[in-house]
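Residues per chain are reported as follows:
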Amino acid sequence: MDYYKDNNYSRRGPGFFSTVFVALVSALLGGIIAVALVPSVYGNKQVTPTSQVSLNEGPTTPSIPTDGGANFPVTQIAKATGPAVVGIANFQSRGSLFGGSGSTEVGSGSGFIVDAQHGYIVTNNHVISGAEKIIVSMADGRNLDAKLVGGDERTDLAVVQIADTKDLVATQIGDSSKLQVGEPVVAIGNPGGQEFARSVTTGVVSATNRILNIPGEASFNLIQTDAAINPGNSGGPLVNYQGQVIGINSAKNQEPGFEGMGFAIPITDALPTIKQLIEKGYASHPGLNVQIDPSYTPEYASQRGWPKGAYISKVTPGGPAEKAGIRAGDILTKINEIEVKSSLELTHQLLKHKPGDTVTVTVYRDNKTVEVSVVLTEIKSQ
């Protein structure tokens, strides 16, 4: 299926989005491979910072009273959570035909405040990627400069900060691990940019534990929802019936004939990375210190009579993989007996662990299977 990350690029035709999607995936995948792909896929269990970072310092949005779920007060949720949702514009320098240069808005998305006291805002990394200037549009009409606290390509998460914290209110954070299929949810964001700021759509949790082969989103077991998610919704909150954020809207299925298939990163899985970005300015992930050849596809493997997996094109000297006996040319097929069919699945499995963990890696070499134990190293997002 054809998926795309739903950040908005203003005044572009439908064909442009397809081009952007392909270019974005290629660029991100190339970046992943270049930084020792092992940690390319973000997992469900990240490393918790040693010194605890507290979110929701300062005012937060009010809780929405419920009667056990029989009613779904969308109006109340929109009023309560809307003020904590922001628009985020990505400005970059662009040359002109006359030799001049200037800052142009090249993309936009959404975000939500997680700490009103310090002005911390969560969004998707692809929303702010490459930004030379970030402008945050508030619910009260203010447009404020923001600085990038930290971004993580591997999990497609980022945190920005605004200095003016006057009258800010943060979202309440829920527990996405308790979500049930069929549970009602609300998506809030800026589809199409500021013209449609803080649009509210409603639906249900269509499924949980979905995996998409998109760099960043492939790190998580995603929430699937039929609440409408459109270009510009990226980074905005998916909210439960209590007004709590339970997901970060990130992608949708754009294949012709398919509707109502949006995807969100579970907030409980995202929080460890968010806290790391706030605390350290970067995220820490487990890695093997190998490079993976993305051209090794299941189709290619089938033609050669080889197993599906991640083809190791290079092993970093002195890294954990080399120490364990893994070689260039090996095809990695399993992590802890869980099958790995691609580089993205490799990242997905690795990021279920933390640096220092020991995992059993199965590789195919010289027409036979070899198992080795590897101590995962730390890979930083910067």
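Given the structure is predicted, the values throughout are model-derived calculations rather than measurements.

(A) Layout of the overall build of the protein. The secondary structure content of the protein amounts to 7 helices and 22 strands. Burial analysis of the protein (382 residues in total) assigns 54% to the buried set. Considering only contacts in the protein between residues 6 or more positions apart, those separated by 24 or more positions represent 67%. Total accessible area on the protein stands at roughly 15800 Å², and carbon and sulfur atoms take up 49% of it.

(B) Region of the structure containing the side chain of T225. Looking at where T225 falls in the secondary structure, it is placed in strand β11 (residues 222-225). Of the polar contacts made by the side chain of T225, one reaches the backbone oxygen of V204; its length is 2.9 Å.

(C) Structural context of helix α7 (residues 343-350). Of all 8 residues in α7, 7 are buried; the element is thus mostly enclosed. For α7, the set of buried residues is S343, L344, L346, T347, H348, Q349 and L350.

(D) Up close: the nonpolar core. L157, V159, I248 and I274 are the most contacted members of the largest nonpolar core, which has 32 residues in total. Those elements that place two or more of their residues in this core are α2 (74-81), β3 (101-115), β4 (120-124), β7 (157-162), β9 (184-189), β13 (244-253), β14 (262-266) and α4 (267-280). No other element matches the 6 residues that α4 contributes to this core. Formed by 19 residues, the second largest nonpolar core is a distinct cluster that contains I292, A310, I335 and L350.

(E) Looking closely at the pattern of salt bridges. Per the counting criterion, the structure on display carries 5 salt bridges. A salt bridge links D164 to R142; the shortest N-O distance between them is 3.0 Å. Of this pair, D164 sits in the loop between β7 and β8 (172-173) while R142 is found in the loop between β5 (133-137) and β6 (143-152), placing the two residues 22 residues apart along the sequence. Put simply, D140, R142 and D164 are held in one network by salt bridges that share partners.

(F) View of the pairing of strand β21 (residues 368-375). Taken together, the 8 bridges between strand β20 (residues 358-365) and β21 define a ladder with antiparallel strand orientation. Residue pairing in the sheet places V359 in a bridge with V374 of β21. Here β20 folds back onto β21, and the loop between the two strands holds 2 residues, one of which, D366, carries a positive phi near 50°.

(G) Just the environment of V315, in detail. On the secondary structure map, V315 appears in strand β17 (residues 310-315). As a C-alpha pair, V315 and A328 span 13 residues in sequence and 5.8 Å in three-dimensional space. In contact with V315, other than residues within four places in its own chain, are N289, V290, A321, E322, I326, R327 and A328.

(H) Quick peek at α2. All of the buried residues in α2 are I77, A80 and T81. Each buried residue of α2 sits inside an arc of 80° when the element is viewed along its axis, so together they form one side. Turned more than 90 degrees away from the buried face of α2 sit T75 and K79, all of them exposed.

(I) Expanded view of unusual backbone geometry. Positive phi, normally seen in glycine, also occurs at D167, with a value near 60°. One can find D167 in the loop between β7 and β8. Under the relative-accessibility criterion, D167 is labelled exposed at 64%. Although it is not a glycine, D366 sits at a positive phi angle of roughly 50°. Relative to the helices and strands, D366 resides in the loop between β20 and β21.

What counts, and at which threshold
Residues numbered from 1 in each chain as written. Predicted model: local features only at pLDDT ≥ 70, side-chain atom pairs only at ≥ 80, totals over all residues. Heavy atoms only, no water. Helix = DSSP H or I, 4+ residues; strand = E, 2+ residues; numbered from the N terminus. Buried < 20%, exposed > 50% of the residue type's maximum accessible area, 1.4 Å probe, protein only. Contact = heavy atoms within 4.5 Å. Areas by Shrake-Rupley, 256 points an atom, 1.4 Å probe, with all protein chains shown as cover. Polar contact = N/O pair within 3.5 Å; in protein donor to acceptor, adjacent residues only side chain to side chain. Core = buried A, V, L, I, M, F, W, Y, C linked by side-chain atoms within 4.5 Å. Salt bridge = Lys/Arg side-chain N within 4 Å of Asp/Glu carboxyl O. Pairing = 2+ DSSP bridges. Arc of directions from axis to C-beta.

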